Every structure is written in C-alpha cells, then in structure tokens.
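Structural characterization, general
Residue strings, one per chain:
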Amino acid sequence: MLRDALLLQMGYNATLVALGAASLGVAAGATGTFLFLRKRSLVSDAISHATLPGIGLAFLVMVALGGDGRWLPGLLAGSALSALAGLLCVTWLTRHTRLAEDAAIGAVLSVFFGAGIVILTVIQTLSSGRQAGLETFLLGSTAGMLFSDALTLAIGGTLVLALALLLRRPMIQVAFDPGYAETAGTSVSRTDFLTMALVMAITVVGLKIVGLIMIVALLIIPAVTARFWTNRAEYVVALAGLFGGLAGYLGAAISATAPALPTGPIIVLIGFALFVVSLLVAPGRGVLAAALRYRRFQRRVHLRQGLISLAQGQPVYERLTRRLLRREGFLRADNVITDAGRARAAKILRDETRWQAVRRSDSLAPLAMQDNGMTDIASVLTADQLAEIDRRIGGPKGVTP
Amino acid sequence: MKDAMPQLATDEGRPVADTLAQSPLAIRGMTVSYGEEPAIFSIDLTAEPGAMTAIIGPNGAGKSTLLKAALGIVRPLSGRATVFGKPLAKQRARIAYVPQRASVDWDFPTTVMDVALMGLSRELGLLRPVRARHVTRALACLDRVGMADFADRQIGQLSGGQQQRVFLARALAQDAELYLLDEPFAGVDAATERAIIVVLKELRAEGRTVVAVHHDLSTVAQYFDNVFLINRRKIAEGSVETAFTAANLQEAYGGRLATGQIDQLVLGTV
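Note that the structure is predicted; figures quoted are calculated from it, not measured.

Contact with chain A, which involves 25 residues of that partner, is made by 33 residues of chain B. In total, about 2,400 Å² of surface goes out of reach between chain A and chain B, with carbon and sulfur atoms giving 58% of it. The largest per-residue losses of area from chain A upon contact with chain B belong to Arg169, Phe176 and Tyr180 of chain A, which jointly make up 33% of the total buried on that side. Counting across the chain A and chain B interface gives five salt bridges. In this structure, the connection of chain A to chain B is made through 14 residue pairs in polar contact (both at pLDDT 80 or more). Elements that contribute at least two residues to the side of chain A that touches chain B include exactly helix 9 (168-176), helix 10 (178-183) and helix 13 (233-256) of chain A. Per-element accounting of the side of chain A that touches chain B gives the leading share, seven residues, to helix 9 of chain A. When the residues that make up the side of chain A that touches chain B are grouped by side-chain class, the tally is 11 nonpolar, six polar and eight charged.

As structure tokens, this is what we get:
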C-alpha cells in the first residue's frame with residue numbers, strides 16, 4: 001500500500017496532494033534556509049501565527065459582501081495581509097524599543113494568534129460560519145483537495161523558489177556579514193524585507209496543506225538538516241530544497257495510506273526523521289563523526305603522554321593510557337615496557353628535545369608557537385631546519401626516524 | 001613619506017590630482033548616540049589622500065562607531081560624511097570596508113573563496129555567473145595576503161589571523177580607492193600583522209587612501225602617516241610628528257596611560 005502511494009498509484013486526490021506537498025516542500029526548504037542563515041528562524045513562527053486573524057477577517061468580509069466566505073484566494077490574501085502586519089510589528093518593536101527580537105516575536109505571535117482564535121470562535125457562532133471549516137488552517141488538511149489547489153501550491157511554490165534563487169547572493173551576503181554588505185552596496189533592510197516577504201509568501205501558500213502551526217517546521221528543519229552535509233551556503237539551499245521536497249512527498253504519500261493520518265504532521269515527522277539521521281551520520285558535523293574524532297584524538301593524546309612518561313622512566317597511572325599502551329604492544333600485560341614501546345618512546349622523547357631546542361633558538365623560536373603538544377615537528381620545520389636543530393642537540397641518538 | 005603622488009587610474013582618464021583634490025573621506029559634525037549618551041560627539045575628520053591614517057583612542061572612545069557612521073552602517077544623530085567630495089550613497093563603489101573579525105559568525109557555511117568573491121558582488125550582481133576571470137581575481141587577492149592555498153577551506157577552520165587576512169582579501173577584490181579598516185591587527189599573529197601591513201603600504205603606494213581603527217600605540221609611528229585621536233570628541237588630527245604627542249595622548253587617554261609609557265611611545269617616534 002505504501003509502495004502504491006509512493007508510486008502515485010493511490011488515486012487522483014492522493015497524487016495531487018503528494019505532488020503539491022513536494023513542490024511546497026522544495027520551495028519552503030530552500031526559502032527557509034535564508035532565514036536560518038540569517039539566524040532569524042523564529043520570525044517565521046511569528047509570521048505564520050499572525051496569519052490567523054487575517055483568515056477570520058477575510059471570511060467575515062467576504063460573507064458581509066454576500067460571497068461564500070470560503071473562497072481560498074480571498075482567505076489567503078487576508079492571511080497575507082495580517083502576516084505582514086505581524087511582521088511589521090516585530091520589526092518595529094525590535095527597532096524602536098529595547099525589546100530583543102525573541103521577546104518581540106513572542107509577544108506578536110501570541111497576540112495575533114489569540115486574536116485569530118477569538119475571531120474564529122465568533123465565526124463559529126454565526127449561522128454562516130458553521131460549515132466554514134476555517135480551523136483546518138491551524139493544522140492543515142488535504143481532504144478534498146482540488147486540482148486548482150494543487151496548481152496553486154505548485155505555481156506559488158515555483159514562483160517563490162525562483163525569486164529566492166534570484167536573490168540568493170544578496171541574501172547570503174547579508175546573512176554572513178550585514179555590515180559589510182551594506183558598504184558593498186547591498187541594502188540590509190531591503191534584503192531582509194525581501195527575505196521575509198518570501199517566507200510570508202511560502203507560509204500563505206502552505207497554510208492549506210500543513211497549517212500555520214507546522215509551516216515553521218517545513219521552513220527550518222530542511223535547512224538545519226542540510227547544514228550537516230555541506231559547508232557552502234548555496235549547497236545548503238539546494239539540499240534543503242531536496243530534503244523539504246522529500247519530506248513533503250513522503251509525508252503526503254504515507255498519510256494517504258490510511259484515512260486517519262493527518263498530512264501536515266506526517267510531513268513534519270518525515271522532515272524530523274531526515275534531520276535525526278543527518279544529525280547522527282553526517283560526516284564532519286554529525287554527532288557520531290564528532291564522537292569518533294574525539295575518541296581517536298583522545299587515544300593519540302593518551303598514547304603520547306604515556307610514552308613520554310615511559311621514556312622518562314615514570315609510572316603510568318591512568319588506566320585508559322595503560323590499556324591503550326598494551327593494545328599497541330608498547331606495554332606487556334604486567335605493565336613492563338616492550339622493545340617496540342622503548343623505540344617509540346625514544347622517538348617521541350627526541351621530538352620533545354627538538355621542540356625544546358626550537359623554543360630556545362633565536363631564529364626558530366617563533367615556529368615553536370605552533371607546537372600544541374601534539375604537533376608533528378616535521379610538519380612545522382623544514383628538513384634543513386630540522387637538520388640544524390639535530391646538529392645542535394647532538395643528532396638523533398640511535399633513533400631511526 | 002608620501003612624496004611621489006602615485007598613479008591611480010580614473011574612469012575618464014582625468015589626471016589623478018583632480019580626482020584626489022577632494023578628501024577621500026571628510027566627516028563634519030558627526031554625532032552618533034546609542035540612547036541618550038553620545039558615543040561620538042561632533043566629530044570632524046579629513047583624511048589625507050594617498051596616506052595611511054590611524055584612528056586611535058581608549059576603549060569605548062567611539063573609534064569603531066566613527067568608522068561605521070562614516071560608512072552609513074549606523075545612522076548618525078547629526079553630521080555627514082562625504083567621500084571624494086560627494087555624498088556617501090553615490091560613492092559606495094569607491095570604498096572598501098574591513099569589519100572587525102568578531103562581527104561575523106565564522107561557523108557560517110562558506111569557503112575562503114566564496115568570501116573573497118563577495119568582494120566582487122557589485123560586479124557579479126544578482127545573476128551573472130561566476131566565471132574563471134572572477135575566480136582568478138579573487139585568487140590573486142587571496143594570494144596577496146598569503147591565503148591562496150586555503151581557498152577551499154571552510155572559514156571556521158582558519159586561525160584568527162587567517163580570518164583577518166581573508167577579510168582583507170575580500171576588500172582588495174573590490175579594487176577601491178578608500179580602504180576603511182576596523183582594528184585589522186587586533187588579536188592576530190605576528191606573521192599576519194606583517195602580511196597586512198605590507199598590503200596596506202602597497203595600497204598607499206598605489207595612491208589609495210587607508211584609514212584604520214588602531215589599538216596598538218606602540219606601532220602607530222611605524223605603520224601610519226597620520227593619526228586621529230578621539231575620545232568621544234576629537235582630540236587631535238594630523239601627521240604622526242605633529243599630533244601623536246604626549247599632551248594629546250594624555251588628553252585622549254586621561255589617566256589611563258602612565259607618563260613613562262607615553263614618553264616611551266612618543267620619544268620612540270623621533
């Protein structure tokens with residue numbers, strides 16, 4: 001059944017939803033990356049919660065004008081307007097008061113959301129509002145999605161994605177170094193506003209399918225997931241788009257396999273699963289890779305310290321050090337040094353003596369600054385310098401390098 | 001020290017002296033305030049063309065603020081800055097800025113080459129693809145500061161001094177006429193300090209103007225032609241010989257420098 005869903009064999013509606021969610025995921029992932037790089041991820045939360053009063057007000061206005069009230073473009077326009085109002089509030093509070101941005105976000109988010117809930121409750125009590133179904137905008141809904149809805153998602157998503165790619169250079173420049181960007185001719189305030197406008201657009205586009213509470217996940221999770229895999233901003237954008245699209249597609253397909261599975265939350269959970277896998281296994285920045293690197297380095301340090309102690313005829317107290325020395329064949333089971341251990345210890349001691357000579361040398365002393373205890377002397381000194389040092393300390397005393 | 005006025009190509013091929021007749025950077029009556037306490041008060045500064053000027057003063061004297069106000073990064077309460085005789089907004093292409101190293105997040109996902117290429121952002125615009133000649137130019141700028149071998153490194157893997165050199169390379173890529181640097185020597189190793197000063201003196205030799213916030217009084221006379229002493233107010237401005245004096249230093253630093261220390265600094269210059 002899941003296989004059918006993934007291969008778009010679950011029927012017309014499920015296919016529409018999967019394709020719509022995938023295009024939304026790509027656009028949201030790529031756009032959200034710029035917000036993440038600018039370290040303003042939470043602003044998207046304020047923006048999305050600020051859409052709610054606009055939805056309610058748009059419904060009331062459309063009913064008052066004698067219309068249906070549920071006309072999607074009208075509702076989305078209303079949500080965009082109130083999201084913009086929320087964004088302007090956050091910007092104004094941050095710029096003109098002593099409030100930090102996180103406090104401003106918290107205040108705006110809760111006030112707008114509260115106002116929205118009040119308006120929605122009022123609508124529920126109106127006769128025209130019974131069937132409104134506006135609460136689906138909270139958590140999203142794909143039930144009864146029309147071809148035109150899917151088309152809106154695809155076109156809106158593509159448009160936002162194209163704009164985001166068009167503006168990628170100024171947005172990355174401002175995210176990295178706003179002060180410099182300003183002097184290099186990129187207006188920080190304008191670029192920030194455009195970034196926010198794109199986020200706002202994607203939020204409005206995604207309201208119907210994932211809902212306003214969870215859209216932030218679609219904007220931010222793909223970006224933080226992508227960050228694990230690359231050190232270049234443009235690749236983060238591309239990978240975030242990929243992860244976002246994947247989450248949208250898989251989430252929609254999986255939720256189609258059972259009638260009771262909500263699409264938006266499943267999409268978010270798939271995105272989270274991709275995040276967890278990346279967090280664990282990504283090379284370089286992943287948790288496992290970092291732990292492995294740490295362990296490997298710790299073992300090198302212990303071995304070196306242990307061998308220095310042995311070379312100087314001092315006992316080795318730390319159990320980990322003794323275990324490592326035994327495993328490398330430098331110590332016997334009864335903690336007596338082996339021939340291999342003696343040879344290696346002599347080599348390390350020679351390098352220590354060399355470093356000491358470098359530190360005391362007039363001409364080479366600055367190079368000694370690069371020694372951190374684990375530095376290979378041959379990587380700092382040239383062969384000639386090394387020979388000169390060896391000549392001063394009386395040459396390598398019977399040690400094969 | 002800046003005897004031979006060097007050649008600097010201008011767009012219209014006009015003689016250099018005409019272009020540089022007006023000061024590269026002139027600040028008049030600049031006051032910047034965070035809250036209701038001026039960080040700098042009514043500052044006048046006139047940078048000499050083709051010279052290196054150090055902005056010096058104690059911590060919290062408003063050195064960086066002055067630079068940022070001149071660049072339009074912070075909005076002044078009053079006063080204005082002109083660049084080559086015209087308002088800043090029209091002259092941005094002629095200025096390159098090297099911010100304080102600590103002002104950015106070095107874990108940002110970008111490489112040394114990408115940062116150097118940002119210096120070409122005006123030329124690249126939104127859409128123009130990065131071509132081989134852009135990469136070549138960026139590499140040449142990195143090479144000038146000894147960082148060409150690190151082009152593919154993520155910037156977080158660099159030492160502080162290397163990061164500072166990358167920032168300078170980005171500014172070099174802009175090929176500007178006025179270079180404004182915020183503490184370029186702060187917290188860098190000796191090799192980096194040498195590399196940076198060599199490049200700055202090259203810029204001066206090419207007829208460009210350098211203005212740097214500087215914190216190390218012991219190298220002022222060795223590195224710079226002019227000094228601008230500030231402690232919220234302007235204390236003195238002029239050549240090192242005339243303005244970098246015991247009296248001016250005492251005035252700028254208040255009681256924070258011992259008399260013996262000042263004598264050593266100033267006597268060391270003659």
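Resuming the write-up.
Before going further, it helps to examine the side chain of arginine 165 of chain B. Looking at the element boundaries, arginine 165 of chain B is found in helix 6 (residues 160-173). Not counting residues within four places of it along the chain, the set of residues in contact with arginine 165 of chain B comprises Val145, Gly146, Met147, Thr192, Ala195 and Ile196 of chain B.

Before going further, it helps to examine the environment of arginine 70 of chain A. On the secondary structure map, arginine 70 of chain A appears in the loop between helix 4 (51-64) and helix 5 (72-96). Arginine 70 of chain A sits in the partly exposed class, given a relative accessible area of 43%.

What follows deals with the domain arrangement of chain A. Here chain A is described as being made up of domain 1 (2-260) and domain 2 (289-392). Averaged C-alpha coordinates put domain 1 of chain A and domain 2 of chain A at centres separated by 56 Å.

What follows is about the sheet that holds strand 9 (residues 226-231) of chain B. Residues and elements named next belong to chain B. Judged by pairing direction, the sheet is mixed, and its six strands sit side by side in the order 6-7-8-3-9-10 without closing on themselves. Edge strands, defined here as strands with exactly one partner in the open sheet, are strand 6 (95-98) and strand 10 (233-239). Put simply, the sheet's adjacent strands are angled 15° from each other on average, direction ignored. In terms of strand pairing, strand 3 (residues 52-56) meets strand 8 (residues 209-213) through four bridges, oriented parallel. Note that in strand 8 the partner of alanine 54 across the bridge is alanine 212. Across the sheet, helix 2 (residues 63-71) is in contact with strand 3, strand 6, strand 7 (178-182), strand 8 and strand 9; its angle to strand 7 comes to roughly 145°.

Taken as a whole and judged by the stated rule, the model has eight aromatic pairs over all chains. Plain terms: the ring middles of phenylalanine 176 of chain A and phenylalanine 108 of chain B are 5.3 Å apart, the flat faces sit at 50° to each other, and that makes the pair tilted. Remark: phenylalanine 108 of chain B occurs in the loop between strand 6 and helix 3 (112-118) and phenylalanine 176 of chain A occurs in helix 9; the pair is interchain, linking two chains. Look at phenylalanine 108 of chain B and you get buried, because its relative accessible area is 3%. Positioned above the aromatic ring of tyrosine 235 of chain A is the side chain of arginine 232 of chain A, whose terminal nitrogen or guanidinium carbon lies 5.1 Å from the ring centre. The aromatic ring of phenylalanine 167 of chain B is capped on one face by arginine 170 of chain B, whose charged end is 4.4 Å from the ring centroid.

Turning to its location among the elements, alanine 378 of chain A is positioned in the loop between helix 18 (365-368) and helix 19 (383-392). Each C-alpha atom of the pair alanine 378 of chain A and aspartate 351 of chain A lies 9.3 Å from the other, and the pair is 27 residues apart in sequence.

Residue and element names in this part refer to chain A. Where helix 11 (residues 188-210) contacts helix 12 (residues 215-227), the two axes come as close as 8 Å, and the packing angle between them is 120°. It follows that helix 11 is oblique to helix 12 by the angle criterion. Contacts from Val199, Ile202, Thr203, Gly206 and Val210 of helix 11 reach helix 12 at Ile215, Leu218 and Leu219.

Here the focus is helix 7 (residues 190-205) of chain B. Since the α-helix advances by 3.6 residues per turn, residues separated by three or four positions end up pointing in the same direction. Residues and elements named next belong to chain B. With 16 residues, helix 7 extends 23 Å between its outermost C-alpha atoms, agreeing within 8% with the 22 Å of an ideal straight helix rising 1.5 Å per residue. Inspection of helix 7 places Thr192, Glu193, Ile196, Ile197, Val199, Leu200, Leu203 and Arg204 among the buried residues, and these make up the whole buried set. Down the axis of helix 7, the smallest arc covering the buried residues is 160°, so these residues share one side. Residues of helix 7 that are exposed and point more than 90 degrees away from the buried face comprise Ala190, Arg194 and Ala205. At its buried positions, helix 7 is contacted by strand 3, helix 5 (132-144), helix 6, strand 7, strand 8 and helix 8 (220-223). Remark: glycine 207 follows helix 7 within two positions and exhibits a positive phi of approximately 90°.

All names here are of chain A. Judged by side-chain polarity, Trp229, Val277, Leu280, Val281, Val287 and Leu288 come together as a nonpolar surface patch covering roughly 510 Å² of accessible area. Elements with a contribution of two residues or more to the nonpolar patch: helix 14 (263-281) and helix 15 (287-311). As for its position among the elements, leucine 280 is in helix 14. By relative accessible area, leucine 280 is classed as partly exposed at 36%.

Our focus in this paragraph is the nonpolar core. Ile56, Leu168, Tyr179, Leu200, Leu217, Val227 and Leu249 of chain B are the most contacted members of the largest nonpolar core, which totals 115 residues. Looking at which element gives the most residues to this core, the answer is helix 2 (residues 12-37) of chain A, with 11 residues. Excluding residues that lie within four positions of it along the chain, leucine 217 of chain B makes contacts with Ile56, Phe244, Leu249, Tyr253, Leu257 and Leu265 of chain B. Of all hydrophobic cores here, the second largest spans 27 residues; its members include Leu25, Leu45, Leu67 and Val74 of chain B.

About the criteria used
- Residues numbered from 1 in each chain as written.
- Chains lettered and ligands numbered in written order.
- Predicted model: local features only at pLDDT ≥ 70, side-chain atom pairs only at ≥ 80, totals over all residues.
- Heavy atoms only, no water.
- Contact = heavy atoms within 4.5 Å.
- Buried area = accessible area lost by both parts, 1.4 Å probe.
- Salt bridge = Lys/Arg side-chain N within 4 Å of Asp/Glu carboxyl O.
- Polar contact = N/O pair within 3.5 Å; in protein donor to acceptor, adjacent residues only side chain to side chain.
- Helix = DSSP H or I, 4+ residues; strand = E, 2+ residues; numbered from the N terminus.
- Nonpolar A, V, L, I, M, F, W, Y, C, P; charged D, E, K, R; others polar.
- Buried < 20%, exposed > 50% of the residue type's maximum accessible area, 1.4 Å probe, protein only.
- Domains from an automatic or database assignment.
- Pairing = 2+ DSSP bridges.
- Axes fitted to C-alpha atoms, helices over the stretch in contact; angles between N-to-C directions.
- Phe/Tyr/Trp six-rings, centres within 6.5 Å; stacked < 30°, edge-to-face > 60°.
- Lys NZ or Arg CZ within 6 Å of the ring centre and 35° of its normal.
- Parallel < 35°, antiparallel > 145°, perpendicular 65-115°, else oblique.
- Expected span 1.5 Å × (residues − 1).
- Arc of directions from axis to C-beta.
- Patch = residues over 30% accessible without salt bridge, like charges linked within 9 Å, V, L, I, M, F, W, Y side chains within 5 Å.
- Areas by Shrake-Rupley, 256 points an atom, 1.4 Å probe, with all protein chains shown as cover.
- Core = buried A, V, L, I, M, F, W, Y, C linked by side-chain atoms within 4.5 Å.

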